[in-house]
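Fold and contact review
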Amino acid sequence: MEGETSWVSHCPDYAAPDMVDFDSFSELNDEDNREASSVHVDLILPDDLLERILAYLPIASIFRASCVCKRWYEIVKSTRFLWNFSQVLSQKPWYFMFTSSEEPVGYAYDPSLRKWYSIELPCIQTSNWFIASSCGLVCLMDNDSRSELYVCNPITKCCKCLQEPPGLKFSDYSALAICVNKKTSCYSVVVVKSKQVPGNFFQWDLSIHIYDSGTMMWLTPLTEVLTGWRGGDESVICDGVLYFLIYSTGGGGPDNRHGLITYNLSSRSSDGLLIRTFIPVPCSLTCGRLMNLKEKLVMVGGIGKPDRPDIIKGIGIWILNGKEWQEIARMPHKYFQGFGEFDDVFASSGTDDLIYIQSYGAPALLIFDVKQKQWRWSQKCPVTKRFPLQLFTGFSFEPRLEISP
């Protein structure tokens, strides 16, 4: 394929053998791809300084650097290098796009180098699994029994299978979230289960289950019955607080179909009934997506038409300040039109300062930089839609080398 390059390296000790079998795809011009003249820095720089320099490179460049010479290879695989890597600023989040509805295959987009890489995710079996990410780790849960859970690093392919969560074997709705402590590298996984009370459409059993990687045990600190509301599949953890969307079962108006409730993971308390933490959404939403951007809760949602709430007239981005939503951006109409046919549901996720948005019906990927307030398209994905019902979805994650489950 035109524009295809190969990413090949020796296999550092901390990586699985298939970690380096990435194919990259880019449509950058020759000027963008022009390599700088080689300089024999290995002859003039001490190891510690060279380690710090290499640690600031994008992930892809680090792998290429390990192929330069034996000395660079030894540096990149060293424990001290991983420590230096963990101290630098976070890598820009990548976006993995599933290009098949039946198989978990796809490409990962690197916004720093504006390239797509063909990578394989460990453990996952189908693209409709529940997926959550935090600080380089990705948590996967099957969509059938919801009892298979894995935590992995997509870059190094290190993976761990978690014990089956307690509670209902089969729930009507489930939400998945993960949070990594950057200081200790320990992590917590949260599964929120929601099931209709038999014979009562308006009441739903809701339970919260928390896995602690330090104790390797599950706890169920809360079970509650919601009346007029049910849980869904959207949740995220920000600054020690679990946020998840709930959906009306009482036939309310279009402006009262969704809501947000919170649970403090640190104190294991909701200050009474969960519904007391209720925060209304800012408008009539057709699709709400929650994400953690620098420990702030951000929501991306489709804005429904007043007379036809199931039809999107635009997409907005809000940040939660206390219990008030502040709109920070709205997708310009030219980008909204650029997706072509846009369903009332879409994929959106993000971390750090980047938010990714894509339609299920096309491989187009739009990026919003929260800090710079800029919208831009990614490089064209190296896959085209082959048949009308082909669907695309995805998730974002932070590429890191030093973190493992």
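For the structure, check the block above.
This text gives an overview of the structure that appears in the document. Counting from 1, residues in each chain are numbered in the order their sequence is written. Local features in this predicted model are restricted to residues of pLDDT 70 or higher, and side-chain atom pairs are both shown and tallied only at a pLDDT of 80 or more, whereas totals for entire chains, interfaces and linings draw on every residue. Computation of side-chain values: all heavy atoms of the structure, hydrogens and water removed.

1. Observations concerning the sheet that holds strand β13 (residues 217–227)
Defined as follows: When DSSP locates at least two bridges between a pair of strands, those strands are taken to pair. The way it works is that DSSP assigns letters per residue, a run of H or I at least four long becomes a helix, a run of E at least two long becomes a strand, and they are numbered from the N terminus. Between N-to-C directions, angles cover 0 to 180 degrees, with each direction set by a line fitted to C-alpha atoms, over the stretch in contact for helices.
With respect to topology, four strands assemble into an open sheet ordered β10-β11-β12-β13, the strand pairing being antiparallel. Only two strands of the sheet have a single neighbouring strand rather than two, namely β10 (173–180) and β13. Sheet twist, expressed as the average angle between the axes of neighbouring strands with direction ignored, equals 15°. Pairing analysis gives eight bridges linking β10 to strand β11 (residues 187–197), with the strands arranged antiparallel. Note that in β11 the partner of Ala177 across the bridge is Val190.

2. Things to note about the state of the cysteines
The condition is simple: Cysteine sulfur atoms that pair up within 2.5 Å are treated as a disulfide. Each residue is placed in one exposure class: buried if its accessible area under a 1.4 Å probe, protein chains only, is under 20% of its type's maximum, exposed if it is over 50%, and partly exposed if it falls in between.
Applying the stated rule across the entire model yields one disulfide. Covalently, Cys123 is tied to Cys159 through a disulfide, its sulfur atoms 2.4 Å apart. Here Cys159 lies in strand β9 (residues 159–162) and Cys123 lies in the loop between β5 (115–118) and β6 (130–134), a separation of 36 residues in the sequence. For Cys159, a relative accessible area of 33% gives the class partly exposed. Among the cysteines around Cys161, which has no disulfide bond, Cys123 carries the closest sulfur, lying 7.7 Å off.

3. Quick look at the pairing of β10
Of all eight residues in β10, six are buried; the element is thus mostly enclosed. The antiparallel pairing of β10 with β11 creates a hairpin that spans six residues between the two strands, and Ser185 there sits at a positive phi of about 65°.

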